[in-house]
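# Coordinates in review
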Amino acid sequence: MNPRRRRHAAWRQAASLALASAGVGIGVVLHHQQPAAEDELAIPIGELRSEGFELKLLNESAARERSRRFVAAHARQLARSIERSRDELASLQPAPQQAGTRAAALERSAPLLDAAAQLRAGRGSLDPAAAARLVATAEQLKSLEDALKR
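Residues numbered from 1 in each chain as written. Predicted model: local features only at pLDDT ≥ 70, side-chain atom pairs only at ≥ 80, totals over all residues. Heavy atoms only, no water.

### Some details on the overall build of the chain
The helix and strand tally for the chain stands at 5 helices and 0 strands. Against the compact-globule benchmark of 15 Å for 150 residues, the chain has a radius of gyration of 25 Å, which places it well outside the compact range. For the C-alpha atoms alone, the extent of the chain along its principal axes is close to 85 × 35 × 20 Å. The buried share of the chain, reckoned over its 150 residues, is 32%. In the chain, 80% of the contacts between residues at least 6 apart in sequence involve partners at least 24 apart. Split by element, the accessible area of the chain, about 9,700 Å² in all, is 53% carbon and sulfur. (Helix = DSSP H or I, 4+ residues; strand = E, 2+ residues; numbered from the N terminus. Rg over C-alpha atoms; globule rule 2.2 N^0.38 Å. Buried < 20%, exposed > 50% of the residue type's maximum accessible area, 1.4 Å probe, protein only. Contact = heavy atoms within 4.5 Å. Areas by Shrake-Rupley, 256 points an atom, 1.4 Å probe, with all protein chains shown as cover.)

### Quick notes on the packing of helix H2 (residues 38-63) against helix H3 (residues 68-91)
Two elements in contact, H2 and H3, have axes separated by 9 Å at closest approach and are oriented at 165°. Taken together, H2 and H3 sit at an angle that is classed as roughly antiparallel. Considering how the two elements wind past one another, H2 and H3 form a crossing that is left-handed. Contacts between H2 and H3 involve Leu41, Ile43, Pro44, Ile45, Glu47, Leu48, Glu51, Glu54, Leu55, Leu58 and Ala62 on the former and, on the latter, Phe70, Val71, His74, Ala75, Leu78, Ser81, Ile82, Ser85, Arg86, Glu88 and Leu89. (Axes fitted to C-alpha atoms, helices over the stretch in contact; angles between N-to-C directions. Parallel < 35°, antiparallel > 145°, perpendicular 65-115°, else oblique. Left-handed = near helix turned anticlockwise from the far one by under 90°.)

### Some thoughts on the confidence of the model for the chain
The share of residues in the chain with pLDDT of 70 or more is 93%, and the mean pLDDT across the chain is 85. Taken element by element, the predicted model of the chain shows its lowest mean pLDDT in helix H1 (residues 3-33) (73) and its highest in H3 (92). (pLDDT = per-residue confidence, 0-100.)

### Here's the deal with the nonpolar core
Counting 27 residues, the largest nonpolar core has Ile45, Leu55, Leu89, Leu112, Leu119 and Leu141 as its most contacted members. Of all the secondary structure elements, the ones that give two or more residues to this core are H2, H3, helix H4 (96-120) and helix H5 (128-149). In contact with Leu89, not counting residues within four places along its chain, are Leu41, Pro44, Ile45, Leu48, Arg102, Ala105 and Leu106. (Core = buried A, V, L, I, M, F, W, Y, C linked by side-chain atoms within 4.5 Å.)

### Structural notes on H4
For H4, with 25 residues, the first-to-last C-alpha span of 37 Å sits near the 36 Å given by 1.5 Å per residue. As for H4, its buried residues are in contact with H2, H3 and H5. Positioned one or two residues after H4, Gly122 has a phi angle of 75°, which is positive. (Expected span 1.5 Å × (residues − 1).)

### Focus: the packing of H4 against H5
Here H4 crosses H5 at 150°, and the two axes come no closer than 10 Å. Relative to H5, the element H4 lies roughly antiparallel. When you trace H4 past H5, the crossing you get is left-handed. The segment H4 lies against H5, with Gln98, Thr101, Ala104, Ala105, Arg108, Ser109, Pro111, Leu112, Ala115 and Gln118 engaging Ala130, Leu134, Thr137, Gln140, Leu141, Leu144 and Leu148. Here the residues of the contact of H4 with H5 are counted per class, giving 10 nonpolar, 6 polar and 1 charged. (Nonpolar A, V, L, I, M, F, W, Y, C, P; charged D, E, K, R; others polar.)

Here it is, written out as structure tokens:
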């Protein structure tokens, strides 16, 4: 093959590769700019709901004089999980009609961190009002999750 043809073939190949790379890059950017679907929102909301009910069970264990060390360690793990779930939810960019659901879930899940902090402190179980708020929070998150799944 003639050196001139090789150069032309190399330039065509480089140009094709550059176009393909640009196309893939544009596709990735467009995919990440799409609003989060209901299912994508339902996952972290479901995690928060589950963590709320788990805190309820942990509170019941604390009330039964379960080892303070166990309760504190488990509450610390739950607090980390709640923070991760809230961060994931906050990072999602939902469609305008789901923005209110995301905001409501973030607002309603804030008491979960407070409950985890109180249990982590190791001073026994939550007071009855805080325990009732915990259950109400988990139920509210469940209704938000159910509404997204419909």
